[in-house]
Amino acid sequence: MSRRRYVARGVPGGYRIWDNRGRRWWGDHYELCPDDLLSELNGKADYAKITVLLKRYRAQKR
């Protein structure tokens, strides 16, 4: 069984995305982890789709 590259991890005040391969936080801090982003992270974890979702939620925060 291989380790997933990206996982959502709880941090104080919300969630962040952890990159197992790069061993660093990736993306922004979220107070609530959006369901479709969480589903993609726990499913196929397609890099392109995750990037699109992150851009969408980043734009909503502005």
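Each chain carries its own residue numbering, running from 1 in the written order of its sequence. In keeping with the predicted nature of the model, local features appear solely for residues at pLDDT of at least 70, side-chain atom pairs appear and are counted solely at 80 or more, and the whole-chain, interface and lining totals rest on all residues. As a rule here, side-chain values cover all heavy atoms of the structure and leave hydrogens and water aside.

### What to know about the sheet that holds strand 1 (residues 6-11)
Note the cut-off: When DSSP finds two or more bridges between a pair of strands, those strands are recorded as paired. Helix and strand labels come from DSSP, where a helix needs a run of H or I of at least four residues and a strand needs a run of E of at least two; each type is numbered from the N terminus. Think of each axis as a best-fit line through the C-alpha atoms, taken over the contacting stretch in the case of a helix, with angles from 0 to 180 degrees between the N-to-C directions. Should any heavy atoms of two residues lie within 4.5 Å, those residues are considered in contact.
Spatially, 3 strands are ordered 1-2-3 in an open sheet, and the strand pairing comes out antiparallel. Two strands bound the open sheet, and with one partner strand each, they are strand 1 and strand 3 (24-30). Between one strand and the next, the sheet's axes are offset by a mean angle of 30°, whatever the strand orientation. When strand 1 meets strand 2 (residues 14-19), the two strands line up antiparallel, connected through 6 bridges. Looking at strand 2, one finds that Ala 8 is bridged to Ile 17. Each of strand 1, strand 2 and strand 3 touches helix 1 (residues 35-42); the most contacted strand, strand 1, lies at about 130° to it.

### Points about the pairing of strand 2
Linking two consecutive strands that pair antiparallel, namely strand 1 and strand 2, is a turn of 2 residues; a positive phi of about 90° is found at Gly 13 within it. Sheet topology places strand 2 next to strand 3; 4 bridges connect them, and they run antiparallel. Its bridge partner lying in strand 3, Ile 17 is registered against Trp 26. What sits between strand 2 and strand 3 in their antiparallel hairpin is a turn of 4 residues, with Arg 23 showing a positive phi close to 55°.

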